[in-house]
Amino acid sequence: MTKTLVTASALLALGLFASQAQAASHGGMSVMGEDQDVSGGTVTASQINAGANGWLVVHRTDADMKPGPVVGHAPLKAGENNDVAAILTEPVKSGEMLMLMLHSEEGGTETGIFEYTLGAKEDGPVRVDDKLVMQVITAK
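Residues numbered from 1 in each chain as written. Predicted model: local features only at pLDDT ≥ 70, side-chain atom pairs only at ≥ 80, totals over all residues. Heavy atoms only, no water.

Trainee: Can you help me understand the overall build of the protein in this one?
Mentor: Summing up its helical and strand segments, the protein has one helix and nine strands in all. In the protein, the order of α-helices and β-strands from amino to carboxyl end is α-β-β-β-β-β-β-β-β-β. A total of 140 residues make up the protein; the buried ones form 36% of that total. In the protein, of all internal contacts separated by at least 6 residues, the share reaching a separation of at least 24 is 63%. For the protein, the exposed surface amounts to about 8300 Å²; the carbon and sulfur share of it is 57%. (Helix = DSSP H or I, 4+ residues; strand = E, 2+ residues; numbered from the N terminus. Buried < 20%, exposed > 50% of the residue type's maximum accessible area, 1.4 Å probe, protein only. Contact = heavy atoms within 4.5 Å. Areas by Shrake-Rupley, 256 points an atom, 1.4 Å probe, with all protein chains shown as cover.)

Trainee: What is the right way to read the pattern of salt bridges from this model?
Mentor: A side chain with one charge may pair with a side chain of the opposite charge, provided their charged atoms come close. On inspection of all chains with the given rule, the structure shows two salt bridges. In this structure, Glu90 and Arg60 form a salt bridge, with 2.9 Å as the shortest nitrogen-oxygen distance. On the criterion of sequence distance, the pair formed by Glu90 in the loop between strand 5 (79–88) and strand 6 (97–104) and Arg60 in strand 3 (residues 54–61) is long-range, its members being 30 residues apart. In this structure, Arg60 and Glu96 form a salt bridge, with 2.7 Å as the shortest nitrogen-oxygen distance. Highlighted residues: Arg60 in strand 3 and Glu96 in the loop between strand 5 and strand 6, separated in sequence by 36 residues. With a relative accessible area of 17%, Arg60 lands in the buried category. Since its relative accessible area comes to 27%, Glu96 is described here as partly exposed. Via salt bridges that share partners, Arg60, Glu90 and Glu96 belong to a single interconnected network. (Salt bridge = Lys/Arg side-chain N within 4 Å of Asp/Glu carboxyl O.)

Trainee: Could you clarify how one ought to interpret the environment of Ala74 in this entry?
Mentor: Residue placement: Ala74 occurs in strand 4 (residues 70–76). The exposure class of Ala74 is buried, given its relative accessible area of 4%. The spatial distance from the C-alpha of Ala74 to the C-alpha of Ala85 is 6.7 Å, given a sequence separation of 11 residues. Residue contacts for Ala74: discarding those within four places in its chain leaves Gly54, Trp55, Leu56, Val84, Ala85 and Ala86.

The structure is reproduced here in structure tokens:
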């Protein structure tokens, strides 16, 4: 039983280290979310670490993993944000893939107003080492 506890503790520590390493590879910024029921008209990111005030943006996506149209957004504060819910602006069916993405609050004309449209620079996606800070989930 002691070996089992030691092994479980070691695996937990390795998992924690891997999660921290992944977050570090994005400059400490991260988006975490799980597959979830969206029939209530919202989608939730369980935790987001943002370098500055910005936005959780929900994009449609598919197996190509490219961000598609925006179907929801919610404001974020700099630092750790937990259980961030975005109201969906259009229906999402069970089985559809959604990309929960960190966007900045830069380049727009108004602070606190989400101004991004697909491909625009206003309130655009945050990239670290040319990688989007995001998590893909599946709607249930």
